[in-house]
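Residue-level structural notes
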Amino acid sequence: GVGKSLLAKTIHRASERKSGALVQINCAAIPESLIESELFGYEAGSFTGADSKGKAGLLEIAQGGTVFLDEISELPLHLQSKLLGVIQDKEFYRVGGRRVQQADIRLIAATNKDLAELVSNGRFREDLYYRLNVVPITIPPLRRRPEDIPMLIQHFTEKYNRKYNSYKRFSESLIDQLMRMPWKGNIRELENVVERSIVTSSGNYISAEKVSIPGLDKDESGNRRLKDRLAEKEREILL
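Considerations on the nonpolar core
- Counting residues in each nonpolar core, the largest one holds 26 residues, and the members touching the most others are L69, L75 and F124.
- Among the elements of the structure, strand 1 (22-26), helix 2 (32-40), helix 3 (58-61), strand 2 (66-70), helix 4 (77-89), helix 5 (115-120) and helix 6 (126-132) are those that each provide at least two residues to this core.
- For F124, the residues in contact, after removing those within four places along its chain, are I72, S73, L77, Q80, L115, L118, V119, Y129 and L132.
- In this structure, L142, I149, L190 and I198 belong to the second largest nonpolar core, which totals 22 residues.

Given below as structure tokens:
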């Protein structure tokens, strides 16, 4: 929920491979029995239930483009070895195939786990780890970059105002309070809060008193100066 997919798309669109495909696969969302054929494709009749014409894998579809492997830590060990071969030799075989397939791709991998720790525990290949760890990018959780929250709130407010044909906006005091929340669900949680607030609040001015947000301290406004509270109420009335 910190924005890994968005960053991968940004890298792809800013690169010389932007005219190629961006193929994304979540290694944790596909059953282990299927992920190999999804990645590498398969030849006709290679296993029970296989398409009679065979099928191109995501690595083939992404030729000249980018492959984004999300949750790479969930990739089974035997496929980690095969992926290492793709990175080193830039070629692979389909499941049940004998013809070499070329791999002209950029590979972006992401995880929310500590791969170095998984390597030490024998759950991730050390050689693959060092092959992947060429240009590491660490995205901090939302709670460690609260300065992003007002911009994200504005972005999601505009998005859901268009969706629901509304003209709502968040009060400055509510935004200040949201900046101090822990956001364990990161940007995804913030987006859900913005959408829920727009759907359930009455009026076009969203304040803490008008919405139900888990973890929000509505009494915190009592610690603010009377002058600031009166100014905000006046602004709300004028709006």
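Quick look at the side chain of E191
- Following the sequence through the fold, E191 ends up in helix 9 (residues 186-200).
- Polar side-chain contacts of E191 include one of 2.8 Å to the side chain of K159.
- If we skip the residues at most four places from it in the chain, E191 touches F156, K159 and Y160.

Thoughts on the packing of aromatic side chains
- In total, this model carries 3 aromatic pairs according to the counting rule given.
- The side chain of K82 reaches across the aromatic face of F40, ending 4.4 Å from its centre.

Regarding the environment of P140
- Along the chain, P140 turns up in the loop between helix 6 and helix 7 (149-164).
- Measuring from C-alpha to C-alpha, the distance between P140 and G3 comes to 9.8 Å, with 137 residues separating the pair along the chain.
- Discounting residues that sit within four places of it in the chain, P140 has contacts with V2 and R145.

Here's the deal with helix 4
- End to end, helix 4 covers 19 Å across 13 residues, agreeing with the expected 18 Å (1.5 Å per residue, within 8%).
- Among all positions in helix 4, only L79, Q80, L83, L84, G85 and V86 are buried.
- Close packing links the buried residues of helix 4 with helix 2, helix 3, strand 2, strand 3 (91-93), strand 5 (106-109) and helix 6.
- Positive phi appears at K90, one or two residues downstream of helix 4, with a value of about 60°.

Criteria and thresholds
Residues numbered from 1 in each chain as written. Predicted model: local features only at pLDDT ≥ 70, side-chain atom pairs only at ≥ 80, totals over all residues. Heavy atoms only, no water. Core = buried A, V, L, I, M, F, W, Y, C linked by side-chain atoms within 4.5 Å. Buried < 20%, exposed > 50% of the residue type's maximum accessible area, 1.4 Å probe, protein only. Helix = DSSP H or I, 4+ residues; strand = E, 2+ residues; numbered from the N terminus. Contact = heavy atoms within 4.5 Å. Polar contact = N/O pair within 3.5 Å; in protein donor to acceptor, adjacent residues only side chain to side chain. Phe/Tyr/Trp six-rings, centres within 6.5 Å; stacked < 30°, edge-to-face > 60°. Lys NZ or Arg CZ within 6 Å of the ring centre and 35° of its normal. Expected span 1.5 Å × (residues − 1).

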